[in-house]
Number of protein chains: 2
Amino acid sequence: MTISLSAELWPDVQPEAARRLMLAAVESFASRGYHATTTRDIAAAAGMSPAALYVHFPSKAALLFAISKSGHEQTLTLVESVAKRDEPAKERIRKIVEDFVSWHARRHTVARVVQYELQALPEQEYAVVADLRRRIEQHMREVIAEGVEQGELSVGDLRTAARAVLSLGVDVARWYSDRIGKTPKALAKEYGELVLRMLGATA
Amino acid sequence: MTISLSAELWPDVQPEAARRLMLAAVESFASRGYHATTTRDIAAAAGMSPAALYVHFPSKAALLFAISKSGHEQTLTLVESVAKRDEPAKERIRKIVEDFVSWHARRHTVARVVQYELQALPEQEYAVVADLRRRIEQHMREVIAEGVEQGELSVGDLRTAARAVLSLGVDVARWYSDRIGKTPKALAKEYGELVLRMLGATA
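As the structure is a prediction and not an experimental result, all values here were calculated from the model.

With that settled, the discussion passes to the overall build of chain A. Per the secondary structure count, chain A includes 10 helices and 0 strands. Counting helices and strands in the order they occur from the N terminus, chain A gives α-α-α-α-α-α-α-α-α-α. Here the C-alpha atoms of chain A give a radius of gyration of 18 Å, agreeing with the 17 Å that 2.2 N^0.38 yields for 203 residues. Viewed in the frame of its principal axes, chain A has a C-alpha envelope of about 60 × 40 × 30 Å.

Set out below in structure tokens:
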């Protein structure tokens, strides 16, 4: 739980104390689940008083929302920035999958909270995150559709294909650990290949 | 939470009261997480007294273990029964994926507890479940390896390929809901196709 790690995870969050609380929340939610964690636990893990926590976040739900929103914004940005490029759809998909898989492997503890604690978000906050998710899926569907149109790819059901591609990436957060003896980058490369085959990419 | 549902989920568990407690535990764990659930909550959800719960399960961990072990045994059985058949590897993989995806879609609430609450198991119980998981992965690797040997399939890294196939199936439990407008059977069929392409199946 170092300063540099939290700055790497959330470069846009200021001040450092807020990032430190987000990191403490991630670790608490990941080990005991959202519902069994109290703001007191999080403050203690961050080496702060409960009162100091409330200066930055009004509630435990606000912390979860900050973590979830940031995670979804980061993955949306990586998908979006590649989806718009002027390159063959096949190459854009390879790059999106590599970045998406890498993101979920590298920060698997954060990613588990981002992906598995959604239903604990209050209704309005959930709606914000659900919208980010829809945009991620939408980009994926569009790039696949372009690939199909250009004859680079062929899929049965477009929606199922896009969902399966993202699903493969998300599930990396569940099973990935540093002990598997494969770097996020190496895994990402293999997954890029697997996905292109799954989408019927022509050679 | 009907008697027939619990009998369908755990046909081997007797008496009915034990199954009723397992179902109440699944629902409690799924909505609030394992750590935030008490045995009192589970007993109440099953319409029983805490004392009556202890007649069947000595602890909350024993309930989680019963649910997790049964889920892993069921999926191992479905993988194993097909893996041993005297059929082309390609066809066995298609069938395994269809059954595995179907299982995770149909009983997605149970499957979420089975797949996502592993780390809450006590050490000895975790070891039992980890062994079942290793056997499932082992079968998957073996069938893929046979397919490669017979020239029906081609993969880069065998371990990554087997893991990706199972991962796709497991993650169905996270995102599947009855509202997606696709039956478990229809989804399973599509996934069978996607996986065969991913494994480079020859036509």
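We now examine the interface of chain B and chain A. Each side of the interface is counted separately: chain B has 31 residues, and chain A has 32 residues. In total, about 2600 Å² of surface goes out of reach between chain B and chain A, with carbon and sulfur atoms giving 56% of it. Among the residues chain B hides against chain A, the three largest losses belong to Arg174, Arg197 and Met198 of chain B. Together they make up 23% of the total. Across the chain B-chain A interface, the total number found is 2 salt bridges. Of the charged contacts in the structure, one is a salt bridge between Asp157 of chain B and Lys182 of chain A, with a shortest N-O distance of 3.5 Å. Across the contact surface, chain B and chain A share 14 residue pairs in polar contact (both at pLDDT 80 or more). For the side of chain B that touches chain A, the secondary-structure elements that each account for two or more residues are α2 (16-32), α7 (108-116), α9 (158-175) and α10 (184-198) of chain B. Counting residues per element, the side of chain B that touches chain A draws most heavily on α9 of chain B, at 9 residues.

On to the domain arrangement of chain A, then. All names here are of chain A. Examined at the domain level, chain A breaks down into domain 1 (3-58) and domain 2 (61-198). Between the C-alpha centres of domain 1 and domain 2 the distance comes to 25 Å. Listed by partner, the interface residues are 16 residues for domain 1 and 14 residues for domain 2. A buried area of about 1300 Å², summed over both sides, lies between domain 1 and domain 2, and 77% of it is on carbon and sulfur atoms.

For the rest of this paragraph, the subject is the packing of helix α8 (residues 123-149) of chain A against helix α9 (residues 158-175) of chain A. Residues and elements named next belong to chain A. It is the contact of α8 with α9, at a shortest axis distance of 9 Å, that shows an interaxial angle of 120°. Put simply, α8 runs oblique to α9. Considering how the two elements wind past one another, α8 and α9 form a crossing that is right-handed. Contact with α8, carried on its side by Ile136, Glu137, Met140, Arg141, Ile144 and Ala145, involves Leu158, Arg159, Ala161, Ala162, Arg163, Val165 and Leu166 of α9 and no other residues of that element. Its residues assigned to classes, the contact of α8 with α9 comprises 9 nonpolar, no polar and 4 charged.

Turning next to the relation of the copies chain B and chain A. Expressed as a screw operation, the relation of chain B to chain A combines 0.0 Å of axial shift with a rotation of 180°, fitting to an RMSD of 0.0 Å. With respect to symmetry, the two chain copies, as superposed, fit the operation of a two-fold axis.

Residues and elements named next belong to chain B. Here helix α5 (residues 60-83) crosses α7 at 100°, and the two axes come no closer than 9 Å. In terms of their interaxial angle, α5 and α7 are classed as roughly perpendicular. Between α5, through Leu64, Ile67, Ser68, Gly71 and His72, and α7, the contact on the second element is made entirely by Val110, Val113, Val114 and Gln115. By residue class, the composition of the contact of α5 with α7 is 5 nonpolar, 4 polar and no charged.

Next up on the list: helix α8 (residues 123-149) of chain B. Along an α-helix, a turn takes 3.6 residues, which lines up residues three or four apart on a common side. All names here are of chain B. For α8, which comprises 27 residues, the first-to-last C-alpha distance of 38 Å matches the rise-based estimate of 39 Å (1.5 Å per residue) to within 8%. Those residues of α8 that are buried are in contact with α5, α6 (89-106) and α9. Downstream of α8 by a residue or two, Gly151 has a phi angle that is positive, lying close to 75°.

In the UniProt entry, the feature "DNA-binding region" (unreviewed entry) is given for residues 38-57 of chain A. Here residues 38-57 of chain A runs as 70% helix and 0% strand, with 13 Å between its end C-alpha atoms.

Helix length check: helix α6 (residues 89-106) of chain A, at 18 residues, gives a terminal C-alpha distance of 25 Å against a target of 26 Å (1.5 Å per residue), a fit within 8%. Counting buried positions over the 18 residues of α6 of chain A gives 13, a clear majority of the element.

Attention now goes to the UniProt feature "domain: HTH tetR-type" (unreviewed entry) in chain A. UniProt marks residues 15-75 of chain A with the feature "domain: HTH tetR-type" (unreviewed entry), using the numbering shown here. Between the first and last C-alpha atoms of residues 15-75 of chain A the distance is 23 Å; the span itself is 77% helix and 0% strand.

Here we come to unusual backbone geometry. A cis amide bond, omega -5°, links Gln14 of chain A with the succeeding residue Pro15 of chain A. Mapped onto the elements of the fold, Pro15 of chain A is located in the loop between α1 (3-9) and α2 (16-32).

To continue, consider the side chain of Thr37 of chain A. All names here are of chain A. Structurally, Thr37 is set in the loop between α2 and α3 (39-45). What makes Thr37 buried here is its relative accessible area of 1%. Setting aside anything within four residues of it in sequence, one finds Thr37 in contact with Ser28, Phe29, Arg32, Ile42 and Lys60.

Scanning the model with the defined rule gives 5 aromatic pairs over all chains in all. Ring centres of Tyr116 of chain A and Tyr116 of chain B lie 4.6 Å apart, and the angle between their planes is 35°; this geometry places the pair in the tilted category. In this pair, Tyr116 of chain A sits in helix α7 (residues 108-116) while Tyr116 of chain B sits in helix α7, so the two residues belong to two different chains. Across this residue pair, the class does not change: Tyr116 of chain A and Tyr116 of chain B are buried.

Residue and element names in this part refer to chain A. Counted under the stated rule, the structure contains 28 salt bridges over all chains. In this structure, the salt-bridge partner of Glu146 is Arg92, at a minimum N-O distance of 2.9 Å. On the criterion of sequence distance, the pair formed by Glu146 in helix α8 and Arg92 in helix α6 is long-range, its members being 54 residues apart. Asp171 is the partner of Arg174 in a salt bridge, and the nearest nitrogen-oxygen pair spans 2.7 Å. On the criterion of helical spacing, the pair formed by Arg174 and Asp171 is a turn pair, its members being 3 residues apart in helix α9.

Parameters at a glance
- Residues numbered from 1 in each chain as written.
- Chains lettered and ligands numbered in written order.
- Predicted model: local features only at pLDDT ≥ 70, side-chain atom pairs only at ≥ 80, totals over all residues.
- Heavy atoms only, no water.
- Helix = DSSP H or I, 4+ residues; strand = E, 2+ residues; numbered from the N terminus.
- Rg over C-alpha atoms; globule rule 2.2 N^0.38 Å.
- Contact = heavy atoms within 4.5 Å.
- Buried area = accessible area lost by both parts, 1.4 Å probe.
- Salt bridge = Lys/Arg side-chain N within 4 Å of Asp/Glu carboxyl O.
- Polar contact = N/O pair within 3.5 Å; in protein donor to acceptor, adjacent residues only side chain to side chain.
- Domains from an automatic or database assignment.
- Axes fitted to C-alpha atoms, helices over the stretch in contact; angles between N-to-C directions.
- Parallel < 35°, antiparallel > 145°, perpendicular 65-115°, else oblique.
- Left-handed = near helix turned anticlockwise from the far one by under 90°.
- Nonpolar A, V, L, I, M, F, W, Y, C, P; charged D, E, K, R; others polar.
- Least-squares fit on C-alpha atoms with pLDDT ≥ 70 in both.
- Expected span 1.5 Å × (residues − 1).
- UniProt positions renumbered as here; feature names shortened; annotations may be inferred.
- Buried < 20%, exposed > 50% of the residue type's maximum accessible area, 1.4 Å probe, protein only.
- Phe/Tyr/Trp six-rings, centres within 6.5 Å; stacked < 30°, edge-to-face > 60°.

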